[in-house]
Amino acid sequence: MNLAAILHLDSEPALIVGGGPVALRRAVTLKTAGLRVRVIAPDLLPELLALGFDCCQRAFEPADLAGMRIVVACTSSPVVNAEVTRLALALGALVNHAGEAGAGNLRFPAVLERGGVTVAISTGSELPMLAQALREKVALSLPEALPLPAWTAQRDAALSLGADARQAAMSDLRAEIRAAVGLGA
Ligand SMILES: C[C@@]1(CC(=O)O)c2cc3[nH]c(cc4nc(cc5[nH]c(cc(n2)[C@H]1CCC(=O)O)[C@@](C)(CC(=O)O)[C@@H]5CCC(=O)O)C(CC(=O)O)=C4CCC(=O)O)c(CCC(=O)O)c3CC(=O)O
Ligand SMILES: NC(=O)C1=CN([C@@H]2O[C@H](COP(=O)(O)OP(=O)(O)OC[C@H]3O[C@@H](n4cnc5c(N)ncnc54)[C@H](O)[C@@H]3O)[C@@H](O)[C@H]2O)C=CC1
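Residues numbered from 1 in each chain as written. Chains lettered and ligands numbered in written order. Predicted model: local features only at pLDDT ≥ 70, side-chain atom pairs only at ≥ 80, totals over all residues. Heavy atoms only, no water.

Here's the deal with the site of ligand 2
In the neighbourhood of ligand 2, 20 residues make up the surrounding shell, with Gly 19, Val 22, Arg 25, Asp 43 and Phe 60 lying closest. For ligand 2, an oxygen atom lies 2.5 Å from a polar atom in the backbone of Asp 43. The separation between an oxygen atom of ligand 2 and a polar main-chain atom of Ser 76 is 3.3 Å. In isolation ligand 2 offers 860 Å² of accessible surface; the protein chains occlude 67% of this area. Residue contributions to the shell around ligand 2 peak at four residues, all from helix α1 (residues 21-32). Taken together, the residues that form the shell around ligand 2 break down as 11 nonpolar, six polar and three charged. (Near = heavy atom within 4 Å. Polar contact = N/O pair within 3.5 Å; in protein donor to acceptor, adjacent residues only side chain to side chain. Areas by Shrake-Rupley, 256 points an atom, 1.4 Å probe, with all protein chains shown as cover. Helix = DSSP H or I, 4+ residues; strand = E, 2+ residues; numbered from the N terminus. Nonpolar A, V, L, I, M, F, W, Y, C, P; charged D, E, K, R; others polar.)

Structure (structure tokens):
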């Protein structure tokens, strides 16, 4: 079963175990989301160092998991990935097992961000190319720009009205938004 959610984890600590292309992709994703990212692996891609991640060039040790909110197991060793996942889940972290997503409790979707709106697509399986294709398709159907601040202000103003006027203002705003995204009444 899935819980789709948007997490705000600004400056919380995240650990990536592994130092290859998957580690780099996850490190960038987590850093972009504001987390403090540490990467641990005997072999680290030079980009991980160049981009300023907190890197430890050695094998994983269980003590590395202390205090981590998000943990990504993406080494080339299925045994190490399974061990990292097992220990990190036991500590209550959100855990992504890169080789076997169902073993962890966190999957990474294909993400589309436009003007404050986030669309995340997960296939629930190992089909990143489908998730990417669907993102492209959704992008084609999204308006280029959406006046979010104006609509938010309109909604706030409507909420301050009395019941009847509020209902009328909300209904006008709903119609305006539906028309702007290309839907009928
Ligand atoms: C289960 C999942 C991971 C999870 O959530 O745990 C998963 C699993 C696997 N991916 C593999 C391969 C690649 N994945 C990508 C890219 C992305 N993969 C992503 C998600 C997911 N990939 C999750 C399921 C998504 C879903 O279906 O909903 C995206 C959307 C998000 C992200 O990764 O952040 C991101 C696009 C981001 C973007 O475009 O923005 C590329 C590069 C590319 O296509 O450009 C390659 C080529 C190799 C490479 O370059 O690494 C392999 C094969 C392993 C092998 O080689 O054997 C496995 C494992 C397996 O199949 O077992
Ligand atoms: N989810 C996804 O998008 C994808 C997942 N995968 C999975 O992720 C794994 C990693 O993929 P790549 O980044 O291409 O791997 P890679 O083979 O390029 O790198 C593996 C990394 O693991 C590190 N490592 C090995 N033993 C370790 C240990 N004991 N402690 C810490 N680090 C250790 C190595 O030093 C290296 O940095 C693959 O084995 C595969 O299962 C692979 C491609 C895409």
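Resuming the write-up.
Here we look at the side chain of Asn 96
For Asn 96, the location among the structural elements is in strand β5 (residues 94-97). For Asn 96, a relative accessible area of 2% translates into the label buried. Here the side chain of Asn 96 touches Arg 26 through a polar contact of 3.1 Å, side chain to side chain. At 2.9 Å, the side chain of Asn 96 forms a polar contact with the backbone oxygen of Leu 106. Discounting residues that sit within four places of it in the chain, Asn 96 has contacts with Arg 26, Val 71, Val 72, Ala 73, Leu 106, Arg 107 and Phe 108. (Buried < 20%, exposed > 50% of the residue type's maximum accessible area, 1.4 Å probe, protein only. Contact = heavy atoms within 4.5 Å.)

Description of the layout of surface pockets
Space inside the largest pocket adds up to approximately 1,800 Å³. In terms of lining residues, the largest pocket is bounded by 48 residues, among which Leu 106, Arg 107, Phe 108, Pro 109 and Val 111 are the most central. Class assignment of the residues belonging to the lining of the largest pocket gives a composition of 26 nonpolar, 15 polar and seven charged. In this structure, the second largest pocket spans a volume of roughly 210 Å³. (1 Å grid on protein atoms, 1.4 Å probe; cavity = no way out; pocket = protein on both sides within 12 Å on 5 of 7 lines; lining within 4 Å. Points joined across faces, edges and corners; volume = space filled by probe spheres on them.)

Concerning empty space enclosed by the protein
Tallying each qualifying case throughout the model produces one cavity of 30 Å³ or more. In this model, the largest cavity occupies a volume close to 40 Å³. As for the largest cavity, its lining consists of Arg 114, Gly 115, Val 117, Leu 142, Pro 143, Glu 144, Ala 145 and Leu 146. By residue class, the composition of the lining of the largest cavity is five nonpolar, one polar and two charged.

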